[in-house]
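# A structural walkthrough
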Amino acid sequence: NAGVTQTPKFQVLKTGQSMTLQCAQDMNHEYMSWYRQDPGMGLRLIHYSVGAGITDQGEVPNGYNVSRSTTEDFPLRLLSAAPSQTSVYFCASSYSLTNEKLFFGSGTQLSVL
Amino acid sequence: TQLLEQSPQFLSIQEGENLTVYCNSSSVFSSLQWYRQEPGEGPVLLVTVVTGGEVKKLKRLTFQFGDARKDSSLHITAAQPGDTGLYLCAAYSNSGYALNFGKGTSLLVTP
């Protein structure tokens, strides 16, 4: 079982560049979410989705876009990267909509120069 | 965002020692989760506590949920190097859709 798969594992961008972080799960989970993890700040929720076609903002959504066209995929888009977006990004999913265990991917290390 | 305060932030101990880490909040939670994260990996769920006063054991790890469901503790008995990692507590927001994390306790167990 693949679980939650994130690509790429590492990425370096220049300020102003755009990119998409990919996330896919093969567990038929309804709920998916994106977190960023920074030293001393813990895990902070960026965006989440409770099903295909439905997304909402988390604690730190500025500078990021998401869409959920299928149950399996939940890409995170950076339209114009900034050094403040240097972080480790984690995608997570769970079977039901609320109060469930999250399954995490192994993360994407992003550096914006 | 409901604030989860974890302490201590860092802990370095020798193999065989016991330790306790804490997760505190001013909010009441319907449940609270504990995750462990190893370097280069995503967090993995250890346990969920639901009932006030509940105690759950996972081998050498003992988790307790406070009577008022505002705080929780994790006690490790006879720590081993394999226990090294970042321990995170987490609780869902009132909407139930957003899982909020504490900043974590980074544990290092040396042989």
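Here goes a summary of the coordinates provided. (Residues numbered from 1 in each chain as written. Chains lettered and ligands numbered in written order. Predicted model: local features only at pLDDT ≥ 70, side-chain atom pairs only at ≥ 80, totals over all residues. Heavy atoms only, no water.)

## Some points on the overall build of chain A
Selection criterion: Only DSSP runs of H or I covering at least 4 residues are called helices, and only runs of E covering at least 2 are called strands; the numbering of each starts at the N terminus. Atoms counted for the radius of gyration: C-alpha only. Globule rule: 2.2 Å times the number of residues to the power 0.38. Only protein chains enter the area calculation, which uses a 1.4 Å probe; residues under 20% of their type maximum are buried, those over 50% are exposed, and those in between are partly exposed. Contacts: residue pairs with any heavy atoms within 4.5 Å of one another.
Secondary structure summary: chain A contains 0 helices and 11 strands in total. A compact globule built from 113 residues should have a C-alpha radius of gyration of about 13 Å, and chain A, at 13 Å, falls within 12% of that. The principal-axis extents of the C-alpha atoms in chain A amount to approximately 40 × 25 × 25 Å. Looking at chain A residue by residue over its 113 residues, the buried ones come to 47%. When contacts within chain A are restricted to residue pairs at least 6 apart in sequence, those whose partners lie at least 24 apart make up 54%.

## Considering the interface of chain B and chain A
Keep this limit in mind: Throughout, buried area stands for the accessible area (probe radius 1.4 Å) lost by two parts on being put together, summed over both. When a carboxyl oxygen of Asp or Glu lies within 4 Å of a side-chain nitrogen of Lys or Arg, that pair is called a salt bridge. Here a polar contact is recorded for every N or O atom pair within 3.5 Å, except that within protein the pair must consist of a potential hydrogen donor and a potential acceptor, and residues adjacent in sequence are included only if both atoms are side-chain atoms. Gly is put with the polar residues, along with every residue not named as nonpolar or charged; the nonpolar set is Ala, Val, Leu, Ile, Met, Phe, Trp, Tyr, Cys and Pro, and the charged set is Asp, Glu, Lys and Arg.
Listed per partner, the contact involves 22 residues of chain B and 22 residues of chain A. For the pairing of chain B and chain A, the buried interface totals around 1,700 Å² over both sides, and the portion due to carbon and sulfur atoms is 56%. Counting the surface chain B buries against chain A, the share from its top three residues, Y92(B), Y97(B) and F101(B), is 32%. Joining chain B to chain A, the criterion identifies 0 salt bridges. Applying the counting rule to chain B against chain A returns 7 residue pairs in polar contact (both at pLDDT 80 or more). For the side of chain B that touches chain A, the secondary-structure elements that each account for two or more residues are β4 (32–37), β9 (85–92) and β10 (99–101) of chain B. Within the side of chain B that touches chain A, the residues separate by chemical class into 10 nonpolar, 10 polar and 2 charged.

## What about the sheet that holds strand β1 (residues 5–7) of chain B?
Residues and elements named next belong to chain B. Formally: A pair of strands is labelled paired if DSSP reports no fewer than 2 bridges between them. In this analysis an axis means a line fitted to C-alpha atoms, helices contributing only their contacting stretch, and an angle means the value between N-to-C directions, from 0 to 180 degrees.
Spatially, 5 strands are ordered β1-β3-β8-β7-β6 in an open sheet, and the strand pairing comes out antiparallel. Looking at strand neighbours, the two that pair on one side only are β1 and β6 (55–58), the edges of this open sheet. Neighbouring strand axes in the sheet, compared pairwise and without regard to direction, differ in orientation by 15° on average.

## What about the pairing of β4(B)?
Residues and elements named next belong to chain B. The element β4 is extensively covered by neighbouring structure, given that 5 of its 6 residues are classed as buried. The pairing of β4 with strand β5 (residues 44–49) spans 5 bridges and is antiparallel. Its bridge partner being in β5, Y35 is matched across the sheet by L45. The antiparallel pairing of β4 with β5 creates a hairpin that spans 6 residues between the two strands, and G40 there sits at a positive phi of about 80°. Taken together, the 5 bridges between β4 and β9 define a ladder with antiparallel strand orientation. Considered in β9, the bridge of R36 is made with Y87.

## What to know about the pairing of β6(B)
Residues and elements named next belong to chain B. Where β6 and strand β7 (residues 61–65) come together, 4 bridges link them in antiparallel fashion. Across the sheet, residue V55 finds its bridge partner in β7, namely Q64. A loop of 2 residues connects β6 with β7, the two strands running antiparallel in sequence, and K59 in this loop sits at a positive phi of about 55°.

## Considerations on unusual backbone geometry
Glycine aside, a negative phi is what most residues show, and trans is what most peptide bonds show. Cis rather than trans, the peptide bond between T7(A) and P8(A) has omega equal to -5°. Inspection of the secondary structure assignment puts P8(A) in the loop between β1 (4–7) and β2 (10–13). Residue S7(B) is joined to P8(B) through a cis peptide bond whose omega torsion reads -10°. Mapped onto the secondary structure, P8(B) falls in the loop between β1 and β2 (10–14). Although it is not a glycine, K59(B) sits at a positive phi angle of roughly 55°.

So, to be careful, I would describe these as geometric facts and stop short of saying anything about function.
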